[in-house]
Amino acid sequence: MIGKKIHNFAQTLWGFNRSITGEGVRQTLEAIKELIPELEIRSIPSGKQVFDWQIPKEWKVREAYIICPEGKKICDFSKNNLHLVGYSQPFKGSISLDKLNEHLHSLPEKPDAIPYVTSYYGDSWGFCIEESKRRVLKEGIYSVVIDTELFDGFLNYGELILEGERKEEIFLSTYICHPSMANNELSGPTVTTFLAKWISSRARKYSYRIIFIPETIGSIAYLSQNLENLKKRVFSGFNVSCVGDNRAYSFLPSRNGNTISDKVAKHVLRNFDERYIEYTWLDRGSDERQYCSPGVDLPIASIMRSKFGTYEEYHTSLDNLIDVVTPEGLDGGYWALRRAIEVLEKDCRYMVNTLCEPMLGKRNLMSNISKLGTNVKTKQILDFITFCDGENSILDIANIIDVPFWELSESIDVLEEMKLIQKVEIENN
Amino acid sequence: MIGKKIHNFAQTLWGFNRSITGEGVRQTLEAIKELIPELEIRSIPSGKQVFDWQIPKEWKVREAYIICPEGKKICDFSKNNLHLVGYSQPFKGSISLDKLNEHLHSLPEKPDAIPYVTSYYGDSWGFCIEESKRRVLKEGIYSVVIDTELFDGFLNYGELILEGERKEEIFLSTYICHPSMANNELSGPTVTTFLAKWISSRARKYSYRIIFIPETIGSIAYLSQNLENLKKRVFSGFNVSCVGDNRAYSFLPSRNGNTISDKVAKHVLRNFDERYIEYTWLDRGSDERQYCSPGVDLPIASIMRSKFGTYEEYHTSLDNLIDVVTPEGLDGGYWALRRAIEVLEKDCRYMVNTLCEPMLGKRNLMSNISKLGTNVKTKQILDFITFCDGENSILDIANIIDVPFWELSESIDVLEEMKLIQKVEIENN
Amino acid sequence: MIGKKIHNFAQTLWGFNRSITGEGVRQTLEAIKELIPELEIRSIPSGKQVFDWQIPKEWKVREAYIICPEGKKICDFSKNNLHLVGYSQPFKGSISLDKLNEHLHSLPEKPDAIPYVTSYYGDSWGFCIEESKRRVLKEGIYSVVIDTELFDGFLNYGELILEGERKEEIFLSTYICHPSMANNELSGPTVTTFLAKWISSRARKYSYRIIFIPETIGSIAYLSQNLENLKKRVFSGFNVSCVGDNRAYSFLPSRNGNTISDKVAKHVLRNFDERYIEYTWLDRGSDERQYCSPGVDLPIASIMRSKFGTYEEYHTSLDNLIDVVTPEGLDGGYWALRRAIEVLEKDCRYMVNTLCEPMLGKRNLMSNISKLGTNVKTKQILDFITFCDGENSILDIANIIDVPFWELSESIDVLEEMKLIQKVEIENN
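Predicted, not measured: the structure shown is a model, and the values here were computed from it. (Residues numbered from 1 in each chain as written. Chains lettered and ligands numbered in written order. Predicted model: local features only at pLDDT ≥ 70, side-chain atom pairs only at ≥ 80, totals over all residues.)

Engineer: Describe in detail the overall build of chain A, supporting the description with residues and values.
Structural biologist: A tally of regular secondary structure across chain A gives twelve helices and 19 strands. Considering only residue pairs separated by 6 or more positions, chain A has 80% of its internal contacts joining residues 24 or more positions apart. (Helix = DSSP H or I, 4+ residues; strand = E, 2+ residues; numbered from the N terminus. Contact = placed C-beta atoms within 7 Å.)

Shown next as structure tokens:
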């Protein structure tokens, strides 16, 4: 089960201090590059304008913690990088509990969770702490140490281009800015890494563009530098996020919901789990917000397990690799995306080569004795052929006859070999 | 509450003997003109051919009543103009109860109601009486006095043209032919009068054509004289009827149900009362029958409270200003129509001015600290912006994100001022 | 009731040994020709290639039976032609029960039914027997006599062309290859015979092409010889099968489900029985498989009673003229198809001749006294007229106002006579 390998890889990446910039991002990208050496690690300097945004300063953390009046060290960044609010300014000083409380974040309704808080574009600092630990803090003077630095550096991301027979691209995007959390988001970059390994190992009809970026600012920056090429080439793609738990399959459409990516995603998910959840564009929240924005309009949909924002461990330390993300969960996420890519690679239109039904009997495709009850496979073949009118694609027919695309493949190969059907050129875009 | 003022005005108009022609119509129009002096009162002579119809003779009633054998006066027109069948021929004579009964109309299932009956195009006379009173009439000779006159006169109606920045018109039509009844129909002309007052008092993008006519013959006559102009200019409009009670909101579509008027009406009503009733074209019954007839095809829909024909007091003396039509009911009818007009006036398409999402943080449109839970207003703004692709109108977006059009207005003004979005010219028709 | 006559005719045809070729087919066609003398009986020689298929040899049966060890004759073809597997090779010999069992077909779950089995394109022989009788067969030697012959002969079918005012054709196809079974399939050819009698006896707008063929190979052969003409002329048609029982009405669409035949069939069936069953193209199984195949694409739908494959007596000796097919059942099948043909003949578009509603009162089409409650017929007339815009056909309007097409006819004649509406030329195909 490939999910086990992906889970192991996620454990390797667990402790790096990922954010939208910094050393943790580079460590993560280097680890991914070990598995897919074709990955290019790129950088954009702080201050660069990207559409309505600006690349922020790079953030470095040396250490961060609080010393209680009784001398105990709490909120130690070296124990869990979620303790420090992302992009905290440096601060050193002794302050009262009242004053300290203005900088603490906790979740009363989840007393054992450290929340995930960031302040990328503010000028502040803060710590995140379990509500249960916060409640027992005593009056007194607390020593705060935040040894961070914000400086003109770089935003880093990874880009992998895999050429195929055709220039049209399938685009995968995932993000590497979330610190120690599992479903949202070590599942995305780890599953994408193993998808990339598989794609790079096989012959491809289409070209692939796979990026590992910080969320929001990363996709905006990438779009600002590659928009023309993306609009010209990308005919389908997926934002890969929240693909690691075992509790649900979910779909989030592109803005208008009518792209080939939407169609493929829904076909795959319906055939993986007919109770899969269909969200709407109003439930968006990841980089699809940029990819499908007006004027950008890339055909990007999302195939997920439990969607961001919908599960109780979301954006807390409880979103871990033990209780939430499992090898089985990652396996399902991997295969759903892989099936989607396989469908995109193989889909085309066929035209039947004879008028009227072909005679299957003389080709040993059905019993010559006709009695009550029909052979299921024969029915499937005849159902497939009856819709091979040069207009319906395999995917259309798979939807009409309600069979997974990948179950039709074997029959199609036989029919093509027997020259009962022939391909009609399909144009994407 | 404007409903209170409208209710008062309806009381003023209550006693006039409205019919499709005559003094009561002119009295009603004069009273409306006092509130909207721009109103022109027009007349068409009896006998004029209007499409398949002819303007009828003018009808005048001096007095009408019955004297019972025991000397009691009943069915006295001066007490309630519903007692006399509309367009009754003159008659004076003494007749038996049997003979009289052939001319009496009552409702066995509503013993205390005087029904509303007309005979515009017949040569007959009759009285309408409460079933409870009819039951106790004794055998004997009844003296009948109907001092009416049918003569070559005029059909009168009121027309108000309010020019706007653009020549395209919004058309309102209501009818002034129903005698002393409230929802059907003093609500229509009184609500329309107050809408006209409001429209004439403000700057307008569109021009307005507002008419107060007798039902059926009035709309046919008006169409026969103005068809070319109406077809060229009217891009939306409403037939205003039954807008005074407090029990329901109702919608009746145009013939094909696909005009801007239908779309606006449904948006307004869904946001006023999600249980509003959607009728179909088969339930039509007022002047929309003419406005949407084949070859006329004006974009006219109906926004109503309880629709004609659907409530038990309909077309009887029970449809009054106490139990049926209330200030609150009129207020709701007024505001539903006013909102519809506001939507028509303000609707347009916007295009977002940046590629990818704009950065709201630097504009103080959202908190710079991102944590669990999103600001509702921020979500609404981002939802609005994501659909500002130059194709969706505000109304489209309001429908997609399920927010009343008028709740979006404030945000749109802010976004336009910040130059985050800009108008795209929208063409009506 | 015409169903009684059809039932009698079915009894006449009952015993002929119908198959895809042979004497029983010719006997059946001759009997039909007695009722519709214009029928042409045609033949295609064995061995002829028809698309992907070949006309098979002709099959003749002289006698066939089995003698049990105790001397009893069973499975006697002369008692019931279902006993012999269709197209059995000749065989004469004595064999053990074990060996015999390899050639016997029975239905364990229907112990008293002789199943219907064919082996048109194999080289085998077999008998069909009631499971109850098979169970008591004793060990021993069985004498098998199958005196059949397969030789180069002909495939026969009947063709009836009835010219109408226009060259566009309505196409009816039914099959005459099933031996002694009733719903599937003596109902099809007998109902079609009586439809043909009725069609030939009346004036016709359209031309008709009606064929009586063996299933599958017959329709393929007919298409291979007439494809160009069929594609040019046939604008609607029905495959007539399973129209004889009394238990349901059923609809099976054309491949894409969007032809005039589909629309008419659904209108008729909804108005015959609102609980009629709508199957999909995936449930197909008769000659519609050929008529709607890619590249053939004729507009053929199916109106049925209980569909083939869905009732328990299907393809067994239990499908008889007593328990399954009844005069009432055949009557319903006949009238559903006849109504469909009447709709096709009469459907056209009308345009109302006046702008606005016509005045019905002056034409005595409604009472001149308007009171509570509307005359149902007047409402139907006004509903019809309001949709007479030159775009909607009568069928469209009948669907919108939910009235059977044939109930509108009388009103339409009156309206046309009064010159209130006029025909707009409608072009089929």
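Picking up after the structure, the text goes on.
Engineer: Give a detailed account of the domain arrangement of chain A, specifying residues and quantitative values.
Structural biologist: Residues and elements named next belong to chain A. One can read the domain layout of chain A as domain 1 (2–56 + 155–345), domain 2 (58–151) and domain 3 (347–424). At the interface, eight residues of domain 1 touch seven residues of domain 3. Broken down by secondary-structure element, the contributors of at least two residues to the side of domain 1 that touches domain 3 are helix 7 (260–272) and helix 9 (327–346). Of the residues in the side of domain 1 that touches domain 3, the class split is three nonpolar, two polar and three charged. (Domains from an automatic or database assignment. Nonpolar A, V, L, I, M, F, W, Y, C, P; charged D, E, K, R; others polar.)

Engineer: If you had to explain the interface of chain A and chain B to someone new, which residues and values would you point to?
Structural biologist: Facing the 21 residues of chain A at the interface are 19 residues of chain B. At the level of secondary structure, the elements contributing two or more residues to the side of chain A that touches chain B comprise helix 6 (217–233) and helix 8 (288–291) of chain A.

Engineer: Let's hear about the environment of D76 of chain B: which residues, and what values?
Structural biologist: Residues and elements named next belong to chain B. Relative to the helices and strands, D76 resides in the loop between strand 5 (73–74) and strand 6 (91–96). Each C-alpha atom, one on D76 and one on A398, is 54 Å from the other, the two residues being 322 residues apart in sequence. Those residues within four positions of D76 in sequence are excluded, and the remaining contacts are Y65 and H83.

Engineer: Would you mind going over the relation of the copies chain A and chain C in detail, with residue names and values included?
Structural biologist: When chain A is fitted to chain C, the residual RMSD is 0.0 Å, and the transformation amounts to a turn of 120° plus an axial shift of 0.1 Å. Overall, the copies show the geometry of a three-fold rotation axis. When C-alpha distances to the rotation axis are compared across chain A, the minimum falls at N258 of chain A, with a value of 13 Å. (Least-squares fit on C-alpha atoms with pLDDT ≥ 70 in both.)

Engineer: Describe in detail the pairing of strand 9 (residues 141–151) of chain B, supporting the description with residues and values.
Structural biologist: Residues and elements named next belong to chain B. Pairing analysis gives nine bridges linking strand 4 (residues 58–67) to strand 9, with the strands arranged antiparallel. Each residue of the ladder has a partner; that of K60, found in strand 9, is E149. With six bridges joining them, strand 6 and strand 9 adopt antiparallel strand pairing. From the neighbouring strand, S94 faces strand 9, where its bridge partner is S143. (Pairing = 2+ DSSP bridges.)

Engineer: I'd like to hear about the sheet that holds strand 9 (residues 141–151) of chain A, residue by residue, with values.
Structural biologist: Strand order in the open sheet formed by four strands is 5-4-9-6 (chain A), and the pairing between neighbours is antiparallel. Looking along the sheet, the strands with just one partner apiece sit at the ends: strand 5 (73–74) and strand 6 (91–96) of chain A.

Engineer: Go over the nonpolar core, please, and point to the residues and values.
Structural biologist: The biggest cluster of nonpolar side chains holds 119 residues, and the ones touching the most others in it are V191, I303, L337 and A340 of chain B. The greatest single-element share of this core, amounting to eight residues, is contributed by helix 9 (residues 327–346) of chain B. C242, V324, A336 and A340 of chain A belong to the second-largest nonpolar core, a separate cluster that totals 118 residues. (Core = buried A, V, L, I, M, F, W, Y, C linked by C-beta atoms within 7 Å. Buried ≥ 20, exposed ≤ 12 C-beta atoms within 10 Å, placed from the backbone.)

Engineer: How would you explain the sheet that holds strand 19 (residues 421–424) of chain B if you had to name every residue and give the values?
Structural biologist: Residues and elements named next belong to chain B. With respect to topology, three strands assemble into an open sheet ordered 18-17-19, the strand pairing being antiparallel. Of all strands in the sheet, those with a lone pairing partner are strand 18 (389–393) and strand 19, marking the two edges. Direction aside, neighbouring strands of the sheet carry axes that sit 35° apart on average. Pairing of strand 17 (residues 349–352) with strand 18 involves two bridges; the strand directions are antiparallel. (Axes fitted to C-alpha atoms, helices over the stretch in contact; angles between N-to-C directions.)

Engineer: Break down the confidence of the model for chain A for me, citing the residues and quoting the values.
Structural biologist: All names here are of chain A. Per-residue confidence for chain A gives a mean pLDDT of 94; residues scoring 70 or more make up 96%. Note that residues 367–374 has pLDDT below 50 and, in this model, 15 contacts with residues that lie over four places away or in other chains. Both scores are given for the predicted complex: the pTM is 0.92, the ipTM 0.90. (pLDDT = per-residue confidence, 0-100.)

Engineer: Which residues make up the interface of chain A and chain C, and what values go with them?
Structural biologist: Listed per partner, the contact involves 19 residues of chain A and 21 residues of chain C. Listed by contribution, the elements that provide at least two residues to the side of chain A that touches chain C are strand 17 (349–352) and helix 10 (376–386) of chain A. For the side of chain A that touches chain C, the residue count by class is ten nonpolar, five polar and four charged.

Engineer: Give a detailed account of the packing of helix 7 (residues 260–272) of chain B against helix 9 of chain B, specifying residues and quantitative values.
Structural biologist: Residues and elements named next belong to chain B. It is the contact of helix 7 with helix 9, at a shortest axis distance of 9 Å, that shows an interaxial angle of 130°. Judged on the interaxial angle alone, helix 9 and helix 7 are oblique. Note on packing geometry: the crossing formed by helix 7 with helix 9 is right-handed. Contacts between helix 7 and helix 9 involve V264, A265, H267, V268, L269 and F272 from the former and A336, R339, A340, V343 and L344 from the latter. Across the contact of helix 7 with helix 9, the residue classes break down as nine nonpolar, one polar and one charged. (Parallel < 35°, antiparallel > 145°, perpendicular 65-115°, else oblique. Left-handed = near helix turned anticlockwise from the far one by under 90°.)

Engineer: Lay out the pairing of strand 12 (residues 207–213) of chain C in plain terms, naming residues and giving numbers.
Structural biologist: Residues and elements named next belong to chain C. By the criterion of burial, strand 12 is predominantly enclosed, with six of the seven residues buried. In terms of strand pairing, strand 10 (residues 154–162) meets strand 12 through five bridges, oriented antiparallel. Within strand 12, the residue paired with E159 across the bridge is I211. By the bridge criterion, seven bridges tie strand 11 (residues 169–175) to strand 12 in an arrangement that is parallel. Note that in strand 12 the partner of I170 across the bridge is Y208.

Engineer: Account for the packing of helix 1 (residues 2–13) of chain C against helix 9 (residues 327–346) of chain C, naming residues and giving values.
Structural biologist: Residue and element names in this part refer to chain C. Remark: helix 1 packs on helix 9, axes separated minimally by 7 Å, with the N-to-C direction vectors making an angle of 110°. In terms of orientation, helix 1 lies roughly perpendicular with respect to helix 9. Along this stretch, helix 1 crosses helix 9, giving a crossing that reads as right-handed. Only P327, E328, L330, D331 and Y334 of helix 9 make contact with helix 1, whose side of the interface consists of I2, G3, K4, I6 and H7. Its residues placed into classes, the contact of helix 1 with helix 9 shows five nonpolar, two polar and three charged.

Engineer: Summarise helix 11 (residues 394–401) of chain B; cite the residues concerned and give the values.
Structural biologist: Because an α-helix packs 3.6 residues into every turn, residues spaced three or four apart end up facing the same way. All names here are of chain B. For helix 11, the set of buried residues is I394, L395, I397 and A398. Along helix 11, the residues classed as buried sweep out an arc of 160° about the axis, all on the same side. Residue D402 follows helix 11 closely and has a positive phi angle near 55°. (Arc of directions from axis to C-beta.)

Engineer: Hey, could you go over unusual backbone geometry for me, with residue numbers and the actual values?
Structural biologist: Outside of glycine, negative phi angles account for most residues, and trans bonds account for most peptide bonds. The phi angle at K419 of chain A is positive, at roughly 55°, despite the residue not being glycine. Locating K419 of chain A in the fold gives a position in the loop between helix 12 (405–417) and strand 19 (421–424). A positive phi is found at C356 of chain B, a non-glycine position, where the angle reads about 65°. Mapped onto the elements, C356 of chain B comes out in the loop between strand 17 and helix 10 (376–386).

Engineer: Lay out the environment of D331 of chain C in plain terms, naming residues and giving numbers.
Structural biologist: Residues and elements named next belong to chain C. One can find D331 in helix 9. Exposure remark for D331: the 21 C-beta atoms within 10 Å place this residue in the buried category. Those residues in contact with D331, other than ones at most four positions away along the chain, are M1, I2 and G3.

Engineer: Could you give me a rundown of the environment of Q54 of chain C, with the residues and numbers involved?
Structural biologist: Residues and elements named next belong to chain C. Residue placement: Q54 occurs in strand 3 (residues 53–54). Take Q54: there are 16 C-beta atoms within 10 Å of it, and that puts it in the partly exposed class. Taking the C-alpha atoms as reference, Q54 lies 9.6 Å from I220; in sequence the two are 166 residues apart. The residues touching Q54, leaving out its near neighbours within four places in the chain, are G47, K48 and Q49.

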